[in-house]
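Examining the three-dimensional arrangement
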Amino acid sequence: ESGRFGTWDYRYWWSAEWTEEARAHWKTSGETVLGFAAHNRNRLVDMIDHAVGDDPCVLSLSYETLASDPVASMHSILDFAEVESRTDLARLAASRRVANTNDRWRSKRTAQEADLLDEILSPSATEEH
């Protein structure tokens, strides 16, 4: 949204890869930078989800899961990597607090902008998977 990555200049090239529904929504909602960023995020997440699918060689761990239960997350990672879990690692993970700040963007948005993002963002933006 800040323009640092230059995608805005290529917005019509990027949006050509979106679903027709996403392109129509972006157009009717004013073709804003925020709407573009949100729709483009959905497209990129869909591409990753499609590429990964149910591949047993990929572990997906959400930020929310890590923040809510770092010990279980650490065990999941170690189990997936077939590395033996150690008690001292579990103690270390349990001693650290991970603050879930995944929603902090909302405080910087107007109510109208937050509503727009709620309309656009795919369920994977808020669901654990």
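What counts, and where the lines are drawn
Residues numbered from 1 in each chain as written. Predicted model: local features only at pLDDT ≥ 70, side-chain atom pairs only at ≥ 80, totals over all residues. Heavy atoms only, no water. Axes fitted to C-alpha atoms, helices over the stretch in contact; angles between N-to-C directions. Helix = DSSP H or I, 4+ residues; strand = E, 2+ residues; numbered from the N terminus. Parallel < 35°, antiparallel > 145°, perpendicular 65-115°, else oblique. Contact = heavy atoms within 4.5 Å. Nonpolar A, V, L, I, M, F, W, Y, C, P; charged D, E, K, R; others polar. Core = buried A, V, L, I, M, F, W, Y, C linked by side-chain atoms within 4.5 Å. Buried < 20%, exposed > 50% of the residue type's maximum accessible area, 1.4 Å probe, protein only. Patch = residues over 30% accessible without salt bridge, like charges linked within 9 Å, V, L, I, M, F, W, Y side chains within 5 Å. Areas by Shrake-Rupley, 256 points an atom, 1.4 Å probe, with all protein chains shown as cover. Salt bridge = Lys/Arg side-chain N within 4 Å of Asp/Glu carboxyl O.

Look at helix α2 (residues 20-28) against helix α3 (residues 33-52): their axes get within 10 Å of each other, and the N-to-C directions meet at 170°. In this view, α2 runs roughly antiparallel relative to α3, as classed from their interaxial angle. Taking contact as the criterion, the partners of Ala22, His25 and Trp26 in α2 are, on α3, Gly35, Phe36 and His39. Of the residues that constitute the contact of α2 with α3, the class distribution is three nonpolar, three polar and no charged.

Among soluble globular proteins, nonpolar side chains are generally buried collectively. Leu34, Ala38, Leu116, Leu117 and Ile120 together form the largest nonpolar core, which totals five residues. Secondary structure elements with two or more residues in this core: α3 and α7 (111-120). A per-element tally of this core places α7 first, with three residues.

The subject of this paragraph is a nonpolar patch on the surface. A cluster of nonpolar side chains, namely Leu59, Leu61, Tyr63, Leu66, Ile77, Phe80 and Val98, defines an oily patch on the protein surface of about 510 Å² accessible area. When contributions to the nonpolar patch are tallied by element, the ones reaching two or more residues are α4 (63-68) and α5 (70-80).

Most peptide bonds are trans, and most residues other than glycine sit at a negative phi. One non-glycine residue, Glu31, lies in the positive phi region at around 50°. Here Glu31 is to be found in the loop between α2 and α3. When its relative accessible area of 25% is taken as the criterion, Glu31 is described as partly exposed. With a phi angle near 55°, Glu82 is a residue other than glycine that sits in the positive phi range.

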